[in-house]
Amino acid sequence: MTDISALAARVRFVLVRTSQPGNIGAAARAIRTMGFARLVLVAPARFPDPEATAFAAGADGVLADALVVPDLRSAIADCEVVFGATARQRNVALREYTPREVAAPVQAAVQAGGEVAIVFGNERTGLENDELALCHGAVHIPTASDYSSLNLAQAVQVLAYELRVGFLGNPTAPPPHRTDPPASAGQMEGFFEHLYTTLDDIDFHKGRSPETIMLRLRKLFLRAQPDERELRVLRGILSDAQRMARIARGIDK
Ligand code: SAH
């Protein structure tokens, strides 16, 4: 029998640029009731704060253990699966899931020993597009179409609940069939930076927008979930392309 607390221990809830400390406390309570414990705070406006402690209502252990980091990249660098919670559909390049649909991929990743992050945006502005671009999928709680924005801590509650129900309902789901775990978010970002500069070096863009093609390529490679070894092969190809481009430039001169 799979130990659900061991699964939950590999999931972190990341709150980005939260303005209201009360929401941080209420989010701590929300995840604690569902058996989760890990909160990561990206540049919170105020933390620690008495209001956060008051709203945590006894889940202050979660607050005491919360990690505060300066940016989203550092919050998710070691994660294999990252979902960004959005009140609105903004980023066409990301596949969109319901909270119920994310439970299975989250469970598969944690059962294979991976780390997972669920990311939530600022109360007023949500997640910025560049923050969403770091996520592997978007998760949207299906709401009334003319009023789609839940309170931050309530959105955290819905996600934590669905993950818990998923874990409880399917405690013995087999790990996915692969020998090596997928590369981490940090390794994928390193690859995307390398890909970006290589496309520039080989003059691929020719005046077209590099951002559009990068969004397409991100979607492709994130869907493929390459492992570390596969990423090394891809980066080897990029390095050789860069070397050939340097030689070609030398010949051109
Ligand atoms: N006005 C903001 C809403 C921010 S609500 C906007 O339009 O983006 C704060 C955060 O709660 C959001 O960034 C998101 O992470 C989460 N959230 C709120 N409503 C949600 C919904 N319907 N589905 C998924 N996440 C939601």
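By convention here, each chain's residues receive numbers from 1 onward along its written sequence. Local features in this predicted model are restricted to residues whose pLDDT is 70 or higher, and side-chain atom pairs enter the listing and the counts only when it is 80 or higher, whereas totals over whole chains, interfaces and linings include all residues. Working from all heavy atoms in the structure, the side-chain values ignore hydrogens and water.

Enquirer: Pulling in residues and values, what's your account of the overall build of the protein?
Expert: Of the regular secondary structure elements, the protein holds 11 helices and 7 strands. In terms of overall dimensions, the protein is globule-like: its C-alpha atoms have a radius of gyration of 20 Å, near the 18 Å expected for 253 residues. By its C-alpha atoms, the protein is 70 × 40 × 35 Å across when sized along the principal axes. Summary of the burial criterion: residues with accessible area below 20% of their type's maximum are buried, those above 50% are exposed, and those between are partly exposed, where the area comes from a 1.4 Å probe applied to protein chains only. Within the protein, buried positions represent 45% of all 253 residues. Restricting the contact set of the protein to residue pairs at least 6 apart, pairs at least 24 apart contribute 85%. Using a 1.4 Å probe, accessible areas were evaluated by the Shrake-Rupley method; residue-level cover was limited to the displayed protein chains. In the structure as shown, the protein presents an accessible area of about 13,200 Å², 55% of it carried by carbon and sulfur atoms. Counting from the N terminus, the helices are DSSP H or I runs at least four residues long and the strands are E runs at least two residues long. Each radius of gyration is computed over the set of C-alpha atoms, and the globule rule expresses the reference value as 2.2 Å times the number of residues to the power 0.38. Pairs of residues are marked as contacts when any of their non-hydrogen atoms sit within 4.5 Å.

Enquirer: Run through the nonpolar core, naming residues and quoting values.
Expert: In summary, soluble globular proteins display a tendency toward joint burial of nonpolar side chains. Among buried residues, the Ala, Val, Leu, Ile, Met, Phe, Trp, Tyr and Cys ones that are joined through side-chain atoms within 4.5 Å form a nonpolar core. Counting residues in hydrophobic clusters, the biggest one holds 42 residues, and the most contacted among them are Val11, Phe13, Phe36, Leu39, Ile118 and Phe120. In terms of residue count, the dominant contributor to this core is helix α8 (residues 152-169) (8 residues). Among residues more than four places away in sequence, those in contact with isoleucine 118 are Val11, Arg12, Phe13, Val14, Phe83, Val106, Leu159 and Leu163.

Enquirer: For the pairing of strand β2 (residues 38-42), give the residues involved together with the corresponding values.
Expert: Most of β2 is tucked away: 4 of the 5 residues are buried. Here the rule is simple: two strands pair whenever DSSP picks up at least two bridges between them. Two elements, strand β1 (residues 11-16) and β2, share 5 bridges in a ladder whose sense is parallel. Across the sheet, the residue bridging to phenylalanine 13 is leucine 39, located in β2. The handedness of the β1 to β2 crossover, carried by helix α2 (residues 21-33), is right-handed. Where β2 meets strand β3 (residues 67-69), 3 bridges bridge the pair, whose relative direction is parallel. Bridge pairing in β3 links valine 40 to leucine 67. Place the viewer so that the strands point away; then a crossover is right-handed whenever the path from the first strand over the helix to the second strand goes clockwise.

Enquirer: For the packing of aromatic side chains, give the residues involved together with the corresponding values.
Expert: Note on aromatic pairs: the rings of Phe, Tyr and Trp (six-membered ring only in Trp) are paired at centre separations within 6.5 Å, and the planes decide the class, stacked below 30 degrees, edge-to-face beyond 60, tilted for the rest. All told, the structure shown has 6 aromatic pairs when counted by the stated rule. For the ring pair phenylalanine 13 and phenylalanine 36, a centre distance of 5.2 Å and an interplane angle of 70° mean the geometry is edge-to-face. A residue pair is termed long-range when its members are at least 10 positions apart, and phenylalanine 13 in strand β1 and phenylalanine 36 in the loop between α2 and β2 qualify at 23 residues. Look at phenylalanine 36 and phenylalanine 167: their rings are 6.2 Å apart centre to centre, the planes differ by 55°, and that puts the pair in the tilted class. Of this pair, phenylalanine 36 sits in the loop between α2 and β2 while phenylalanine 167 sits in helix α8; the two residues are 131 residues apart in sequence, bridging distant segments of the chain. An aromatic cluster is built from Phe13, Phe36, Phe120 and Phe167, whose rings are joined through pairwise contacts. A positively charged side chain is recorded as over a ring if its NZ (Lys) or CZ (Arg) lies within 6 Å of the ring centre. The angle to the ring normal must also be within 35 degrees. Geometry around phenylalanine 204 places arginine 208 over its ring, the cationic atom sitting 5.1 Å from the centre.

Enquirer: Tell me about the sheet that holds β2, residues and numbers included.
Expert: Here 7 strands make up an open sheet; going across it, the order is β3-β2-β1-β6-β4-β7-β5 and the pairing parallel. Each edge of the open sheet carries a strand with a single partner, namely β3 and β5 (96-97). Axis definition: a line fitted to C-alpha atoms, over the contacting stretch in the case of helices. Angles run 0 to 180 degrees between N-to-C directions. On top of the sheet, α8 reaches β1, β6 (116-120) and β7 (137-139); it is set at about 165° to β1, its chief contact.

Enquirer: Describe in detail empty space enclosed by the protein, supporting the description with residues and values.
Expert: To locate leftover empty space, one rolls a probe as large as a water molecule over the atoms. Note on definitions: the grid is 1 Å and covers protein atoms alone; a cavity is a set of points where a 1.4 Å probe fits but cannot get out; a pocket is an open set with protein on both sides within 12 Å along at least five of seven lines; lining residues have an atom within 4 Å of a point. Grid points are joined across faces, edges and corners, and a volume is the space filled by probe spheres set on the points. In this structure the tally under the stated criterion is 1 cavity of 30 Å³ or more. Estimates place the volume of the largest cavity at around 70 Å³. Every residue along the wall of the largest cavity is listed here: Glu80, His136, Pro182, Ala183, Met188, Phe221, Leu222, Gln225 and Pro226. A breakdown of the residues in the lining of the largest cavity according to their chemical character gives 6 nonpolar, 2 polar and 1 charged. Charged residues are taken to be Asp, Glu, Lys and Arg, nonpolar residues to be Ala, Val, Leu, Ile, Met, Phe, Trp, Tyr, Cys and Pro, and polar residues to be all remaining types, Gly included.

Enquirer: Outline the layout of surface pockets, listing residues and values.
Expert: The volume enclosed by the second largest pocket comes to roughly 410 Å³. Forming the boundary of the second largest pocket are 20 residues, of which Arg73, Ala133, Leu134, Glu189 and Arg218 lie nearest the centre. At the level of secondary structure, the elements contributing two or more residues to the lining of the second largest pocket comprise α5 (72-76), α7 (129-132), α9 (185-201) and α10 (210-224). Its residues assigned to classes, the lining of the second largest pocket comprises 11 nonpolar, no polar and 9 charged.

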